[in-house]
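Reading the structure
Now for the letters of each chain:
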Amino acid sequence: MDTTPVRLTSLAHGGGCGCKLDPAVLRTLLADQPVAGPFERLLVGNETADDAAVWALDDGTCLIATTDFFTPMVDDPHDFGRIAATNAISDVYAMGGKPMLALAILGMPVGKIAPETVAEILKGGAATCAEAGIPIAGGHSIDTPEPIYGLAVIGSCDRAHLRRNADARAGDVAILTKPLGVGIYSAAIKREALDAAGHADFIATTTRLNKVGADLARDPEVHAITDITGFGLLGHGLELARGAGLTFVIAEGGLPLLPRAEALAQEGFVTGASHRNWASFGGQVSLPEGLPDWRRHILTDPQTSGGLLVTCTPARADAILAQCHAAGFAQAAVVGRFEAGPAAIRVEA
C-alpha cells in the first residue's frame, strides 16, 4: 500500500456538513416515506425536521438517539475526528439532553490512506467523547471511495427538559450561540487560502461542544432549540418557522461572524452547498432590497458543528445570553424574533 501522506480534503468531493443532501432533494425523498407510526413512547420521530429521535422510558426519562457523519473539511486527521465527533454529539445537546455513549461510524478508502492516519481520526473522535464524558463503546467500519467519519450517539434527558425545534412561540427572540462562516472558511481551507489565525478560529469553533444546550433546556422560558449545520441559518431557521407556523425575522446586521467571513465571502470563497441551499428554499425567504450576494451566502453558508439556535421569551434573553457567554460562547447574540405570519423567513437589514 502507498502510504505517502495525502491531503484528506483532496479525497472528498465536499466536506463536513456541506456534503449533506440538497434540502429540496431530501424533502422529495422523504415525502412518501411513512412516519414512524403510532408508538406511544416515541415522542420525537421523523414527523418534524428535528435533531434526534426521542423515546420515553417508564421513569419520566427520555432516551435520545442520533447519528451524524461526513467527509473531511480539514487535512489534519486528529482535527477531523474531533470536529466530526463534536458535530454528532451536538444533536443530543440540541434536544436538551446529555450524551451517554457513542458508536463510531468509519468509512475509509483502503489503499489510499495510511493506517496511522485513520488511527489519528479515531483518536480525535475519542478525545472529544472524553471531553463530553462518554465512551466510544463500539462501531462499524467499511471500505469507501471517500473518507467518512462520525458517530451514533445515545443520550438522555428528563421529559420536562426535552426541547424540539418545532415549539417556538410568537414573540420569542432567537439567540445564536456560535459565529457563522464555517463553510466559507472550509472553502478557503480547500484552496489553501486560510491563514494560521483563521485556521485556529475555525478549529476552535467547530470543536466547541454545545453542552450549554442541556443547561438552557432546564429554563421553562426556553421554548425551542436546534443546531445550525449544513442548511445554514436560513435552512434551519426555516425548519423552526415551519414547525411553529410562524415567521422568523432575522436581523441580518447583528449576526455573529467568524473574523474573516465577510472578507472571504466577498473574495468568492463560497461552497456549492450555499448555492444549493438558496435554490432549495430561497422562495420562502424575503431579503432586503439590494442585499449583496456575498451577504446572502453568509445566510445560506453550511455550518459544520455550528451553534445552537435558541428561542426564548424576550424577558429571559439577557439572562440566556449571559449564561451562554459564561459557558464560553463569547459571540452568542440575539439574531432575530418569531412573529405571527406565514411559515417563512424575513431578513431585515
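Residue numbers run consecutively from 1 along every chain, following the written order of its sequence. In view of the model being predicted, local features appear only for residues whose pLDDT reaches at least 70, and side-chain atom pairs are presented and counted only at 80 or more, with totals across whole chains, interfaces and linings using the full set of residues. Excluded from the side-chain calculation are hydrogens and water; included are all heavy atoms of the structure.

1. Details of the overall build of the protein
The following threshold applies: Counting from the N terminus, the helices are DSSP H or I runs at least four residues long and the strands are E runs at least two residues long. For a compact globule the rule gives 2.2 Å times the number of residues to the power 0.38, and the radius of gyration it is set against comes from C-alpha atoms. For each residue, the accessible area found with a 1.4 Å probe, counting protein chains only, is set against the maximum for its type, and the residue is called buried under 20%, exposed over 50%, and partly exposed in between. Every accessible area reported is derived by Shrake-Rupley at a probe size of 1.4 Å, with residue values counting cover from the shown protein chains alone. The charge count includes Lys and Arg as positive and Asp and Glu as negative, but it does not include His or the ends of the chains. Note on charges: their place is set at NZ of Lys, CZ of Arg, CG of Asp or CD of Glu.
Helix and strand counts for the protein stand at 11 helices and 13 strands. Taken against the 2.2 N^0.38 rule, which gives 20 Å for 349 residues, the C-alpha radius of gyration of the protein at 19 Å falls within 12% of a compact globule. Each principal axis of the C-alpha atoms in the protein carries an extent, and together these give about 60 × 55 × 45 Å. The proportion of buried residues among the 349 residues of the protein is 54%. For the protein, the accessible surface area stands at approximately 14,100 Å², while carbon and sulfur atoms represent 55% of it. Separation between the mean location of the 26 positive side-chain charges and that of the 39 negative ones in the protein comes to 2 Å.

2. Digging into the side chain of D68
Just so we agree on the cut-off: Between two residues, a contact is recorded if the distance between any of their heavy atoms is within 4.5 Å.
Note that D68 resides in strand β3 (residues 61-70). Look at D68 and you get buried, because its relative accessible area is 19%. Apart from the residues lying within four places of it in its own chain, the contact partners of D68 are N87, A88, D91, G150 and L151.

3. Re the UniProt feature "binding site: ATP" (unreviewed entry) in the protein
Worth spelling out the cut-off: UniProt positions are given in the numbering used here, feature names are shortened, and annotations may be inferred rather than shown by experiment.
As annotated in UniProt, the feature "binding site: ATP" (unreviewed entry) corresponds to K20, T48, A49, D50, D68, D91, G139, H140 and S141 in the numbering used here. The contact partners of T48, leaving out residues within four places of it in the chain, are R164, N165 and A166. Mapping A49 onto the fold places it in the loop between β1 (42-44) and β2 (53-56). When near neighbours in sequence (up to four residues on either side) are disregarded, A49 contacts N165 and E239.

4. A word on the sheet that holds strand β13 (residues 344-348)
Test applied: At least two DSSP bridges between two strands are required for those strands to pair.
The strand order across the open sheet built from 7 strands is β8-β11-β7-β12-β9-β13-β10, with neighbouring strands paired in mixed fashion. For this open sheet the edge positions go to β8 (222-227) and β10 (285-286), each flanked by a neighbour on one side alone. Relative to β13, strand β9 (residues 246-251) runs parallel, the two being bridged by 5 bridges. Note that in β13 the partner of A251 across the bridge is E348.

5. A word on the sheet that holds strand β4 (residues 98-108)
Definition in use: Lines fitted to C-alpha atoms define the axes here, with helix axes fitted over just the stretch in contact, and angles between the N-to-C directions of these axes take values from 0 to 180 degrees.
Ordered by their spatial adjacency, 6 strands build an open sheet running β1-β2-β3-β6-β4-β5, and the pairing between neighbours is mixed. Edge positions in the sheet fall to β1 and β5 (136-143), since each of these pairs with one other strand and no more. Sheet twist, expressed as the mean angle between neighbouring strand axes with direction ignored, is 20°. Of the strand pairs in this sheet, β2 and β3 are connected by 4 bridges, and their pairing is antiparallel.

6. Observations concerning the side chain of T247
Here is the rule: In the analysis that follows, any N or O atom pair within 3.5 Å is treated as a polar contact, provided that within protein one partner can donate a hydrogen and the other can accept it, and provided that, for residues neighboring in sequence, both atoms belong to side chains.
As for its position among the elements, T247 is in strand β9. Of the polar contacts made by the side chain of T247, one reaches the backbone oxygen of P342; its length is 2.6 Å. Excluding residues within four positions of it along the chain, T247 makes contact with R337, F338, E339, A340, G341, P342, A344 and R346.

7. Here's the deal with the packing of helix α7 (residues 232-244) against helix α9 (residues 272-281)
Definition in use: In this scheme the handedness of a crossing depends on how the near helix is turned from the far one: anticlockwise by less than a right angle means left-handed, clockwise means right-handed. When residues are sorted by character, Ala, Val, Leu, Ile, Met, Phe, Trp, Tyr, Cys and Pro go into the nonpolar class, Asp, Glu, Lys and Arg into the charged class, and all the rest, Gly among them, into the polar class.
Contact geometry for α7 and α9: axes closest at 9 Å, N-to-C directions at 35°. Crossing angle aside, the handedness with which α7 passes α9 is left-handed. Facing G232, L234, G235 and L238 of α7, the residues of α9 in contact are N277, W278 and F281. Of the residues assigned to the contact of α7 with α9, the class counts are 4 nonpolar, 3 polar and no charged.

8. Section: the packing of aromatic side chains
Using the following cut-off: Within 6.5 Å between ring centres, the rings of Phe, Tyr and Trp (the latter by its six-membered ring) count as paired, and their orientation is classed by plane angle as stacked under 30 degrees, edge-to-face over 60, tilted in between. Counted as over-ring charges are cases with an Arg CZ or a Lys NZ within 6 Å of the ring centre that also lie within 35 degrees of the ring normal.
This model, assessed by the stated rule, comprises 4 aromatic pairs. Ring centres 6.4 Å apart and planes at 50° place the aromatic pair F39 and W55 in the tilted group. With F39 in the loop between α1 (23-31) and β1 and W55 in strand β2, this pair connects stretches of sequence that are 16 residues apart. The exposure class of F39 is partly exposed, given its relative accessible area of 48%. Centre to centre, the rings of F248 and F338 are 4.6 Å apart; their planes meet at 5°, and the pair counts as stacked. Here the residue F248 occupies a position in strand β9, and F338 occupies one in strand β12 (residues 333-340), the gap between them amounting to 90 residues. Note on accessibility: F248 and F338 belong to one class, buried. Each member of the aromatic cluster is reached from another via a ring pair, and the members are F70, F80 and Y149. Above the ring of F329, the side-chain terminus of R208 is found at 5.7 Å from the ring centroid.

9. Topic: the environment of L240
Its location among the elements puts L240 in helix α7. For L240, a relative accessible area of 0% corresponds to the buried category. Taking the C-alpha atoms as reference, L240 lies 33 Å from E146; in sequence the two are 94 residues apart. Residues within four places of L240 in sequence aside, it is in contact with N165, T226, L309, T311 and F338.

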